[in-house]
Amino acid sequence: MKTLSWSPLLLIAGLAFLLAGCESPTPRPVGPGGAIDDSGDVIGNVPETTDDGGGIPERDRLDIKGGVSYGKWGVIHFAFDSAVIGEEDRGTLEEIAKWCKENPDKKLMVAGHCDERGTLEYNRALGQRRASAARDYLVHLGVSPKQVGTVSYGEEQPVDLGHNEEAWAKNRRGEFGEVQ
Amino acid sequence: MTLPSRSIVRLLAFAALALLPHVDSLFAAHDVEVVKPGDVIAIRVAAFGGPSGAEAAKILAADLDRSGWFKVVGNGGEYVVEGSASASSVQGKVFKAAGAPVISPSASGNLRRAVHEVADAIVEKITGNKGIARARIAFISDKSGRKELYVTDYDFHNVARLTSDASIVTAPAFNRAGTKIAFTSYRSGYPDVYVADLASGARRVVARYPGLNSGAAFSPDGARLALTLSKDGNPELYVMSAAGGNLQRLTRTRGGESSPSWSPDGKQIAYSSDDGGRPQIYVIPAAGGGGVRRVSSGGYCTEPSWSPDGKQIAYSTMSGGHFAVASVAASGGEARTLASEGSCEDPDWAPNSRHLVFARTVGGRTDLYILDTVRKDAVQLTKNFGNCTQPSWSGR
């Protein structure tokens, strides 16, 4: 059993993102012509990927269509395969909590990231646990839950492309961004 | 593993599946011989007539070889295939010795796909096992600079890109009928689960709850999805309607659950969880109610794929900083390593429960390979197509 104590102080974990997180994703549906072929082989009758929303509301989640500005605060880090917030990162979290409380009309996103070891979907879950741990820590410090959203990028967005412990340590991180 | 007399029952089921739209053949259960995995049947593909005969014969020979059941020979052969082809149709006749034709399959449409139908009809007729030449594979490639969703035939022809989200698209899963693909896209800024319908081109978001929505897998009947959601705080396993909604939560742990894969009867789901420390493969009743059992035995094990015959669960296991593909009996037991050269991840069983597709990384590049688990040889599927990952077979 992983000793993830639920005492608020140990609770936490990571987040964040820097790179592509800053941009607002722009849906570019494939045109009515169907597939864009990349191989020289073309097949017709391929989805035009329009999104009707499926009638499913975006409940309870921050609107980030305007983008998220990461980099305003420090990044927190995690041990391998862990979502536990380290003591050395509490100062960063306290600073962010203070900003949240002083700016109740602003919203914060927490993004969780992993190193390249591990598999994609496992790491996506681990990155979510890191983001959620950091959010829980902020809530413990008195921040309104409605003010903070989370996203996991798993291992999709490394800040260091190296294949060694130094790079991995940098990539296991939580990042904080102001919703624009 | 042997093919017992119940192969006749299976054959009848296959007959119903196999001859879908255009294949016209003569099926009679009593004609089927008992063919065991490991058997290799010599077959000769004679020169085909017609304007596209040469191309069709070449495609057919490659299909029969890839099936694993046949060795294609230039002379002699226990079976001989004759035939002819135009640009849009193919007719074949398979003879054994000097007798009457064993099967006379024909198909029309795109020549390659028509020949694949004929190849599958031959495999199914002679061996009683499902063919895979018509199956397609969904996968992710970063060829465009971003991770997008693609589909390909099992021989890397008819490749098409299905998304242009320009964010991150990941975790595709075909339904068994091969008509829909569930996948995750970050195009909203969050990881959300979508279902694309290949015929209509419609794409719908089916899960966009707060936090993580990913790793969706269709139930065998296509009506439900198993997936990971963190809407209630921690990443947990859920089952929902494939049209969205009707959520049922299956797990309640402090770890993370990911990569669900259904048993072929739809009653159980294999998945990965690190609730007990390093991630392991577990099986849980799809209807909920507990009764979780672990089927892997230590190490770091993720990405299970339950074979369509129900017998095995393949998965990725980490050893020495790399991944290998291993498989264990669905009832548990000792695992066997199936692929370990380079780093091998994310296996998915083919509809015949004999072949596996997986992603292999060598020298910093990742491509898809198809492994024949009986012959124990792996054929590279994707080439010069960026990094290709997360393959999922249709037709299961």
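Residues numbered from 1 in each chain as written. Chains lettered and ligands numbered in written order. Predicted model: local features only at pLDDT ≥ 70, side-chain atom pairs only at ≥ 80, totals over all residues.

### Side note on the overall build of chain A
Phase 1: The number of helices and strands found in chain A is four helices and six strands.
Phase 2: Taken over 180 residues, chain A has a buried fraction of 44%.
Phase 3: Contacts in chain A between residues at least 24 apart in sequence constitute 79% of all its contacts with a sequence separation of at least 6. (Helix = DSSP H or I, 4+ residues; strand = E, 2+ residues; numbered from the N terminus. Buried ≥ 20, exposed ≤ 12 C-beta atoms within 10 Å, placed from the backbone. Contact = placed C-beta atoms within 7 Å.)

### Digging into the overall build of chain B
Phase 1: Scanning chain B from N- to C-terminus turns up three helices and 30 strands.
Phase 2: Expected size for 396 residues packed as a compact globule is a radius of gyration near 21 Å; at 21 Å, chain B falls within 12% of this value.
Phase 3: Burial statistics for chain B: of 396 residues in total, 57% are counted as buried.
Phase 4: Within chain B, counting contacts between residues at least 6 apart in sequence, those at least 24 apart form 44% of the total. (Rg over C-alpha atoms; globule rule 2.2 N^0.38 Å.)

### Re the domain arrangement of chain B
Residue and element names in this part refer to chain B.
Phase 1: Looking at chain B, the domain boundaries give domain 1 (7-127) and domain 2 (136-393).
Phase 2: Computed from C-alpha atoms alone, the centre-to-centre distance between domain 1 and domain 2 is 31 Å.
Phase 3: The interface is formed by five residues belonging to domain 1 together with eight residues belonging to domain 2.
Phase 4: Residues that form the side of domain 1 that touches domain 2 fall into these classes: two nonpolar, two polar and one charged. (Domains from an automatic or database assignment. Nonpolar A, V, L, I, M, F, W, Y, C, P; charged D, E, K, R; others polar.)

### Comments concerning helix α3 (residues 120-140) of chain A
Residues and elements named next belong to chain A.
Phase 1: In this model, α3 (21 residues) spans 30 Å end to end at C-alpha, consistent with the 30 Å of a helix rising 1.5 Å per residue.
Phase 2: For α3, the tally of buried residues reaches 19 of 21 residues, placing the bulk of the element in the interior.
Phase 3: Directly beyond the C-terminal end of α3, a positive phi value near 105 degrees is found at Gly 142. (Expected span 1.5 Å × (residues − 1).)

### Topic: the nonpolar core
When a protein is soluble and globular, its nonpolar side chains tend to lie buried together.
Phase 1: Counting residues in hydrophobic clusters, the biggest one holds 144 residues, and the most contacted among them are Leu 60, Ile 122 and Leu 225 of chain B.
Phase 2: Of the residues that make up this core, three or more belong to each of domain 1 (7-127) and domain 2 (136-393) of chain B. (Core = buried A, V, L, I, M, F, W, Y, C linked by C-beta atoms within 7 Å.)

### Digging into the confidence of the model for chain B
Phase 1: The pLDDT averaged across chain B works out to 90; a share of 91% of its residues lies at or above 70.
Phase 2: Predicted confidence for residues 1-32 of chain B stays below pLDDT 50, and this span has 47 contacts to residues more than four positions away or in other chains. (pLDDT = per-residue confidence, 0-100.)

### As for unusual backbone geometry
Phase 1: Of note in this structure, Asp 81 of chain A is not a glycine but carries a positive phi near 60 degrees.
Phase 2: Assignment of secondary structure puts Asp 81 of chain A in the loop between β3 (76-77) and α2 (90-102).

### Some points on the packing of α2 of chain A against α3 of chain A
Residue and element names in this part refer to chain A.
Phase 1: Where α2 contacts α3, the two axes come as close as 9 Å, and the packing angle between them is 60 degrees. Between α2 and α3, the crossing angle belongs to the class labelled oblique. The chirality of how α2 crosses α3 is right-handed. In this structure, α2 contributes Leu 93, Ile 96, Ala 97 and Cys 100 to the contact, and α3 contributes Ala 134, Tyr 137 and Leu 138. (Axes fitted to C-alpha atoms, helices over the stretch in contact; angles between N-to-C directions. Parallel < 35°, antiparallel > 145°, perpendicular 65-115°, else oblique. Left-handed = near helix turned anticlockwise from the far one by under 90°.)

### Comments concerning the sheet that holds strand β19 (residues 268-273) of chain B
Phase 1: If you trace the four strands from one edge of the open sheet to the other, you get β18-β19-β20-β21 (chain B), paired in antiparallel fashion. Bordering the open sheet on either side are β18 (257-262) and β21 (293-294) of chain B, each of which pairs with just one other strand.
Phase 2: Bridging between β18 of chain B and β19 of chain B involves four bridges; their strand directions are antiparallel. Residue pairing for β19 of chain B: Glu 257 of chain B is matched across the bridge by Ser 273 of chain B.
Phase 3: Each of β18 and β19 of chain B touches α3 of chain A; the most contacted strand, β18 of chain B, lies at about 140 degrees to it. (Pairing = 2+ DSSP bridges.)

### Observations concerning the pairing of strand β22 (residues 300-306) of chain B
Residue and element names in this part refer to chain B.
Phase 1: Taken across its seven residues, β22 has seven buried, putting it largely inside the fold.
Phase 2: In this sheet, strand β23 (residues 312-319) lies alongside β22 in antiparallel orientation, the contact comprising five bridges. Paired with Trp 306 across the bridge in β23 is Ile 313.
Phase 3: Linkage of β22 to β23, two consecutive antiparallel strands, is achieved through a turn of five residues, within which Gly 310 is found at a positive phi near 85 degrees.

### Some points on α2 of chain A
Phase 1: If you check α2 of chain A, its first and last C-alpha atoms are 18 Å apart, about what 13 residues at 1.5 Å a residue would give, namely 18 Å.
Phase 2: On its buried face, α2 of chain A is in contact with β4 (108-113), α3 and β6 (173-179) of chain A.

### Thoughts on the environment of Asp 348 of chain B
All names here are of chain B.
Phase 1: On the secondary structure map, Asp 348 appears in strand β26 (residues 343-349).
Phase 2: Here Asp 348 falls in the buried class, since 27 other C-beta atoms lie within 10 Å of it.
Phase 3: Taking the C-alpha atoms as reference points, Asp 348 and Thr 337, eleven residues apart in sequence, are found 15 Å from one another.
Phase 4: Contacts of Asp 348, omitting those with residues within four sequence positions, involve Ser 305, Leu 356, Val 357, Pro 391, Ser 392 and Trp 393.

### With respect to the pairing of strand β14 (residues 213-218) of chain B
Residue and element names in this part refer to chain B.
Phase 1: Across the six residues of β14, six count as buried, placing the element largely inside the fold.
Phase 2: Pairing between β14 and strand β15 (residues 224-229): four bridges, direction antiparallel. Residue pairing for β15: Ala 217 is matched across the bridge by Ala 226.
Phase 3: Hairpin remark: β14 followed by β15, antiparallel, with five residues in the connecting loop; positive phi at Gly 222, about 80 degrees.

### Notes on the sheet that holds β14 of chain B
Residues and elements named next belong to chain B.
Phase 1: An order of β14-β15-β16-β17 is seen for the four strands of this open sheet, with the pairing classed as antiparallel. The sheet terminates laterally at β14 and β17 (248-249), the two strands that pair on one side only.
Phase 2: Across two bridges, strand β16 (residues 236-241) lies against β17 in antiparallel orientation. Residue pairing for β17: Val 239 is matched across the bridge by Gln 248.

### Comments concerning the environment of Ser 394 of chain B
Residues and elements named next belong to chain B.
Phase 1: Along the chain, Ser 394 falls in the segment after β30 (388-393).
Phase 2: Along the primary structure Ser 394 and Tyr 209 are separated by 185 residues, whereas in three dimensions their C-alpha atoms are 27 Å apart.
Phase 3: Look past the residues within four positions of Ser 394 in its chain and what remains in contact with it is Ala 135, Arg 136, Phe 174 and Gly 178.

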